[in-house]
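# Structure at a glance
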Amino acid sequence: MKNYLLLITLFISLIATSQNEQLAIDYYEKGEFDKALTLLEQIAAKQPSNYAYFQRITDCYQQLKQFDKAEKTIEARKAKYYQPLLYVDLGYNFQLQNENAKAKKNYELAIEAVEERPNYAYQIGNIFEKKALLEWALKAYETGTKGDPNLNFDYQIALLQGQLGNIELMADKLLDYAYQKQENTPIVQNYLTRFIADEANETFLSYLKKTLLLRTQKTPDAYWNQFLSWLYVQQKEYGKAFIQERAIYKRNPETFDNIVALANMAVEDNQSEDAIPILQFIIDNTNDLSWKISAHTLLMKIKIKEAKQEDYPKIKEELDTLLKQYNYNPYSLDLIKLIAHFEAFNLNNTEEAISLLNKALELSFSTREKAKVKLELADILVYDEKFNQAILYYAQVEDNVKNDALAHEASMKMAKANYYKNDFDWALQQVKILKQSSSLLIANDAVELYLLIQDNSYEDSTRVALTAFSKADLLLYQNKETEALQAFLNILEKNKGDSIEDETLLKIATIYSRKKEYQKALTYYKMILDNHADGIYIDEALYFSAEIYQKELNDIENAKPLYEKIVFEHSDSIYFTEARKQFRMLRGDNTI
C-alpha cells in the first residue's frame, strides 16, 4: 500500500513538473519574461545541469535588463561546469551593456577553446549564430576546420557567407560541401533552388553557372557535369543540359536513362528545338526497344504539331513505316495511339483510327495501359460526335483505374463531352466536383468550364449564346479552324458586351495565333486587356501576347512589360514561373 501511495505521489509530482515546464515555456515564448523567470528558476533548481533552462533564465534576465543577475548566473555555471560556450554567453551579456571590449575578450576566449579542441567548433559556432554574431560564428567554424581538416563546416560557412552578402563565397562553399558529401547533394540543390528563385539573386545564378562551368573544365569528374545539367534543367535550358548529359554518357554509358528523362522533360515543356536533337541521339545510340520506339513516337508527335496539311501524306507514310517496323507490342502502345489520333484529327479518317485502337485493346496490356487506349478511343468518338459512346468509354476508365490521375482526366473529358452535346446541367454537376481535383491542370480546366456554363446561364436562361459557343468549341476540337473561327466571330458580333464576350475573344485570339496571323491575335488579346481587365482571362491575354511579341515578332520592348505585369500582379497564375523566367532573361539577368 505504501509503495502504491509513493507511486501515486511521484506520478502527481511528474505531472505538476511537466505542467510547470510547459507553462514556463509558454510565458517565455509570449515574452512574459518575469512570469517565465519565476517558474524557470524553480525548474532549474531541480535540473541544474540542463543548459536549455539555464539559457532561458539568462535570456529572461537580459530581457528584463537585469544584467548583473545574468552575469552572476553565467559565472556560477562556469565555476561548476567547463563549457567554453559560456564565454559566448558572458560576452553577449557584456555586449548588451555596450561593454564591447569585455565582450570581445570573452568571444576570443571561446575561439581559443576551439583552437585547443576543434570539436568545440560546432557548439560554439552554433551559439554565435543564434545570437546573430555571424562574423564570430564564421571564425569559429573556420578555426575548427583549420585545427582538424577532417571536420567539415562548408555548409554552415556557406550559409553564413550568404547571410553576410558574400554570394560568391557562399556558392563555392556549398559546391565544396556537396562534392565532399555527395549524399547531401539534394540538400544543397534544394537550398539553391530556393535561393535562385529569389528575384534579388540574379547575379548569384550567373555566378553559379560560371563556377560550375569552370569546375567541369578543371576537374575530370562527371559530378560537376551532372550538377550543371541539374541547374540548366531548373532553368528549362534543355539543350545546354543535353551537352552535359552527353559528356557524362561518353564516360559512363549506364547513364543513358538521364538523357531519356531529359528528352521527356523537353517535350513536356514544348521545347521542340531542344527536344529534337536529344530524341535523335536516343534513336541513334540505343538498342533498348522501349526507348527507341518512345523516341520515334515523340519525334513524330513534334513533326505532326509543326506540320502543314501538305506534309500529312509524308507523315502518314513515316507512321505506317514505324508501325510496320515495330508492330503491336507492349512498347508500341503510345505509337499506336499517336497514329490513331493522327488518322482521326488530321486525316479525318475515324474508321481507321477506331480500328487501330480496337486491335490494340485485344492485346495483353495492363489495366492502366488499356485505360489510356480507351481514353484515346473516346476522344476520337467525341471528334466523330458520337458523344454517348464516348461517355461510356470515359466511364469505363473512371471505373477501371479509380483514384488514378487517368480517372480524373476521364472525368474532365466526360464533362467536356456533355458540354459539347449541350447537356450543360450535367456537365456543370461534374465540374463542380472536379474543381477540387488534386491535379492543378484539371482543377483549372474544371473551374474554367464551370464559370463558362454558370456565367452564361444567368443572363440567358435559354443558353443560346452558350450553345453556339460549345458548337464553335467542338469545331476547334475537331481541328476545323476556319469554321471555328467564323463561328466565334459570329458569336462576338451577336453578343457584344455580354458575359460570353471575353471567352470568345480568347478563342479568336488563340485561333489567329495558331494560324500565325499574329497581329490579329494581338488585336483580340488587347481587347481582353482593355475591356475585361477584371476577368479570369487577363493572365492568358498578357502571357500569350508577350510570347507573340518575343518569340514570333522579336519585339522585346513590347514583350517585357507584359511579362513584368504577370510577375508583379498575377503571382497566382499558372504562367507565373515561365513569365518570370522570360522577364529576367529579357532584362539581362540570365546571360549564361
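Residues numbered from 1 in each chain as written. Predicted model: local features only at pLDDT ≥ 70, side-chain atom pairs only at ≥ 80, totals over all residues. Heavy atoms only, no water.

## Remarks on the overall build of the chain
When helices and strands are counted, the chain shows 32 helices and 0 strands. In terms of C-alpha radius of gyration, the chain reaches 33 Å, well past the compact-globule figure of 25 Å for 592 residues. Dimensions of the chain, computed from C-alpha atoms along their principal axes, come out at roughly 90 × 65 × 60 Å. Buried residues in the chain amount to 48% of all 592 residues. For the chain, the proportion of contacts with a sequence separation of at least 24, taken over those separated by at least 6, is 51%. (Helix = DSSP H or I, 4+ residues; strand = E, 2+ residues; numbered from the N terminus. Rg over C-alpha atoms; globule rule 2.2 N^0.38 Å. Buried < 20%, exposed > 50% of the residue type's maximum accessible area, 1.4 Å probe, protein only. Contact = heavy atoms within 4.5 Å.)

## Points about the packing of aromatic side chains
Overall, the coordinates contain 33 aromatic pairs when judged by the stated rule. Between Tyr525 and Phe544 the ring centres are 6.4 Å apart and the planes differ by 20°, which places this aromatic pair in the stacked class. Here the residue Tyr525 occupies a position in helix H29 (residues 518–531), and Phe544 occupies one in helix H30 (residues 538–552), the gap between them amounting to 19 residues. Take Tyr525: its relative accessible area is 2%, and that puts it in the buried class. Joined through ring pairs, the aromatic side chains of Phe345, Tyr383, Tyr419, Tyr420, Phe424 and Tyr477 make up one cluster. Above the plane of the ring of Trp224 lies Arg215, whose end atom (NZ or CZ) is 4.8 Å from the centre. If you follow Lys435 out to its NZ or CZ, it ends over the ring of Tyr450, 3.9 Å from the centre. (Phe/Tyr/Trp six-rings, centres within 6.5 Å; stacked < 30°, edge-to-face > 60°. Lys NZ or Arg CZ within 6 Å of the ring centre and 35° of its normal.)

## Looking at the confidence of the model for the chain
Low-pLDDT stretches of the model should not have their predicted coordinates read in fine detail. In the predicted model, the chain carries a mean pLDDT of 90, and 95% of its residues have values of at least 70. The low-confidence segment residues 4–17 (pLDDT under 50) makes 1 contact with residues lying over four places distant or belonging to another chain. (pLDDT = per-residue confidence, 0-100.)

## Quick word on the environment of Ile442
Tracing the chain through its elements places Ile442 in helix H25 (residues 440–458). The class for Ile442 is buried, based on a relative accessible area of 11%. Spatially, the C-alpha atom of Ile442 lies 7.5 Å from that of His408, the residues being 34 residues apart in sequence. Setting aside residues up to four positions removed in sequence, Ile442 forms contacts with Ala405, His408, Glu409, Met412, Leu434 and Ser437.

## Description of the side chain of Gln161
Within the secondary structure, Gln161 sits in helix H9 (residues 154–163). Overall, Gln161 belongs to the buried group, its relative accessible area being 7%. In this structure, Gln161 is in contact with Leu138, Glu142, Asn166, Leu169 and Met170, ignoring residues within four places of it in sequence.

## Topic: helix H5 (residues 85–96)
Here H5 spans 17 Å end to end across 12 residues, near enough to the 16 Å set by a 1.5 Å rise per residue. For H5, the buried fraction is high: 10 of the 12 residues fall into the buried class. By the burial criterion, the buried members of H5 are Leu85, Leu86, Tyr87, Val88, Asp89, Leu90, Gly91, Tyr92, Asn93 and Phe94. Lining the buried residues of H5 we find helix H3 (51–63), helix H4 (67–80), helix H6 (100–116) and helix H7 (121–130). (Expected span 1.5 Å × (residues − 1).)

## Thoughts on unusual backbone geometry
At Asn98, a position not held by glycine, the phi torsion is positive, near 65°. Following the sequence through the fold, Asn98 ends up in the loop between H5 and H6. When its relative accessible area of 63% is taken as the criterion, Asn98 is described as exposed. Phi is positive for Asn348, close to 60°, though the residue is something other than glycine.

## Let's talk about the side chain of Asp502
Mapped onto the elements of the fold, Asp502 is located in helix H28 (residues 501–514). Within the buried core, Asp502 has no salt-bridge partner, and the shortest N-O distance to an opposite charge, that of Lys507, equals 12 Å. Those residues in contact with Asp502 that sit more than four places away from it in its chain are Ile528, His532 and Tyr537. (Lys, Arg positive; Asp, Glu negative; His and termini not counted. Salt bridge = Lys/Arg side-chain N within 4 Å of Asp/Glu carboxyl O.)

## Focus on the pattern of salt bridges
According to the stated counting rule, one finds 27 salt bridges in the structure shown. In this structure, Lys316 engages Asp320 in a salt bridge whose closest nitrogen and oxygen atoms are separated by 3.4 Å. Residue Lys316 and its partner Asp320 are both found in helix H18 (residues 312–326); the two are separated by 4 residues, about one turn of the helix. In this structure, Lys520 and Glu517 form a salt bridge, with 3.2 Å as the shortest nitrogen-oxygen distance. Each member of the salt-bridge network shares a partner with another, and the members are Asp172, Asp176 and Arg215.

## Quick word on the packing of helix H16 (residues 272–285) against helix H17 (residues 289–306)
Here H16 crosses H17 at 150°, and the two axes come no closer than 9 Å. Overall, the two elements H16 and H17 adopt an arrangement that is roughly antiparallel. As H16 packs across H17, the resulting crossing turns out to be left-handed. Of H17, the residues touching H16 (which contributes Ser272, Ala275, Ile276, Leu279, Gln280, Ile282 and Ile283) are Trp291, Lys292, Ala295, His296, Leu298, Leu299, Ile302 and Glu306. For the contact of H16 with H17, the per-class residue count stands at 10 nonpolar, 3 polar and 2 charged. (Axes fitted to C-alpha atoms, helices over the stretch in contact; angles between N-to-C directions. Parallel < 35°, antiparallel > 145°, perpendicular 65-115°, else oblique. Left-handed = near helix turned anticlockwise from the far one by under 90°. Nonpolar A, V, L, I, M, F, W, Y, C, P; charged D, E, K, R; others polar.)

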